[in-house]
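# A closer look at the structure
Below, each chain spelled out in residue letters.
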Amino acid sequence: MEIDLTNSELFKSFAEFEQEELHIDLHTEFDCDAIDFSSSKKQLKLSFKPNKYCKCEVKSVEVVFDDCTIERYCSKFDRTNTDSGTLDIMYRGRFEIGNDELGEISRAGLYYYYINFLPDVDFELFARSVKAKVNLI
């Protein structure tokens, strides 16, 4: 099952989303087990596996950002934190165009997204589209 998340409401997290009767909560019920960026494909993939709090019949979820350019990445490693791999928030936002002006979509038709993982991993990126690929059991 594929769910288009590209035009999510501005500044509203899409770490939780629904399709028909399926509710996905990537923050509470899933752990990120892989982050894969391909410069040649211009694609960022975030792979999630259900954790012990998951109540749905889902094997895995992959969030794919296509035509992607990472503008900022910051990571601080803390092996003692048990929240490592937990998605905190993921949303579509604005970016600075210049002269203190903000934009929602670039001239090339790309949206700006913010992704934060606990405890201290942050991404900011441009992407043409975002899709969640949900693999059911």
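Before going into details, it helps to say that this report is about the structure given with it.

### A few points about the pairing of strand β12 (residues 121–127)
Across the seven residues that make up β12, a large majority, six, are buried. Here six bridges tie strand β7 (residues 69–75) to β12, and the two strands are oriented antiparallel to one another. In the sheet register, Tyr 73 faces β12, and the bridge partner there is Phe 123. Here strand β11 (residues 111–118) pairs with β12 via seven bridges, running antiparallel.

### Some details on the sheet that holds strand β8 (residues 86–93)
The sheet built from four strands is open, its strands ordered β7-β12-β11-β8 with antiparallel pairing. Of all strands in the sheet, those with a lone pairing partner are β7 and β8, marking the two edges. For this sheet, the mean angle separating the axes of adjacent strands, direction not counted, is 10 degrees.

### A look at the sheet that holds strand β13 (residues 129–136)
The five strands are arranged β1-β13-β6-β5-β4 in an open sheet whose pairing can be described as antiparallel. Edge positions in the sheet fall to β1 (2–4) and β4 (30–38), since each of these pairs with one other strand and no more. This sheet shows a mean twist of 20 degrees between the axes of neighbouring strands, independent of strand direction. Sheet topology note: the strand β5 (residues 43–50)/strand β6 (residues 58–66) ladder contains six bridges and is antiparallel. Paired with Ser 47 across the strands is Glu 62, a residue of β6.

Here is what the cut-offs are and how they apply
- Residues numbered from 1 in each chain as written.
- Predicted model: local features only at pLDDT ≥ 70, side-chain atom pairs only at ≥ 80, totals over all residues.
- Heavy atoms only, no water.
- Buried < 20%, exposed > 50% of the residue type's maximum accessible area, 1.4 Å probe, protein only.
- Helix = DSSP H or I, 4+ residues; strand = E, 2+ residues; numbered from the N terminus.
- Pairing = 2+ DSSP bridges.
- Axes fitted to C-alpha atoms, helices over the stretch in contact; angles between N-to-C directions.

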